[in-house]
Amino acid sequence: MFLSAEDFATVVRATPLISIDLIVENQAGEFLLGQRTQRPAQNFWFVPGGRVQKDETLERAFARLTEAELGTSFTLPDGEFYGVWQHFYDDNFAGKEFSTHYIVLGFRLRVDAEHLPLPKAQHSDYLWLTPEQLLAHDDVHENSRAYFLGDKEEKVIGL
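The shown structure was predicted, so the numbers you read here are calculated from the model rather than taken from an experiment. (Residues numbered from 1 in each chain as written. Predicted model: local features only at pLDDT ≥ 70, side-chain atom pairs only at ≥ 80, totals over all residues. Heavy atoms only, no water.)

So, about the side chain of His87. Mapped onto the elements of the fold, His87 is located in strand β5 (residues 80–89). The exposure class assigned to His87 is buried, which follows from its relative accessible area of 3%. Ignoring anything within four residues of it in the chain, the contact list for His87 reads Asp21, Phe46, Thr100, His101, Tyr102, Val104, Asn143 and Tyr147. (Helix = DSSP H or I, 4+ residues; strand = E, 2+ residues; numbered from the N terminus. Buried < 20%, exposed > 50% of the residue type's maximum accessible area, 1.4 Å probe, protein only. Contact = heavy atoms within 4.5 Å.)

What follows is the structure, given as structure tokens:
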């Protein structure tokens, strides 16, 4: 379902959004980050992902988001459920004076990195980093860092 920018702003202002984040691992044990071109978290390195749309099943959302974010469609069973997370941002897609709140379903996905035609629609660049490199990188957003912290402090529901 397509919403106008004004209607979507009303939704973001009033309710949490449901999204899927993809914790994508290559054969070398490195994880994919994209440099975000849009708000919130603009210019930060972030794991791929996106919103679940109204009336969209999780299976369909997963296939759509993997195609849009990774350039290749994967099925929900290709991923491993990683937990439910909360993401809070002072910013929003419109740059107006209201926050954004996501309830995030994390899925770990192991891929052959050589066969991912990573699109540039949402990210200006990509990095593959080990968890240690990722946690040491200053521009990795805290919500993406949380997936790699030993205590998983931002996690709502465990594995």
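Next comes the rest of the write-up.
Turning our eyes to something else, we now look at the UniProt feature "binding site: substrate" (unreviewed entry) in the protein chain. Residues annotated in UniProt with the feature "binding site: substrate" (unreviewed entry) correspond here to Phe2, Leu3, Phe8 and Arg36. Relative to the helices and strands, Leu3 resides in the segment before α1 (5–14). Assessed through its relative accessible area of 31%, Leu3 is described here as partly exposed. If we ignore the near neighbours within four places in the chain, the residues touching Leu3 are Phe8 and Val11. Along the chain, Arg36 falls in strand β2 (residues 31–36). (UniProt positions renumbered as here; feature names shortened; annotations may be inferred.)

As for its position among the elements, Ala136 is in helix α3 (residues 131–136). For the pair Ala136 and Asn43, spaced 93 residues apart in the sequence, the C-alpha separation amounts to 17 Å.

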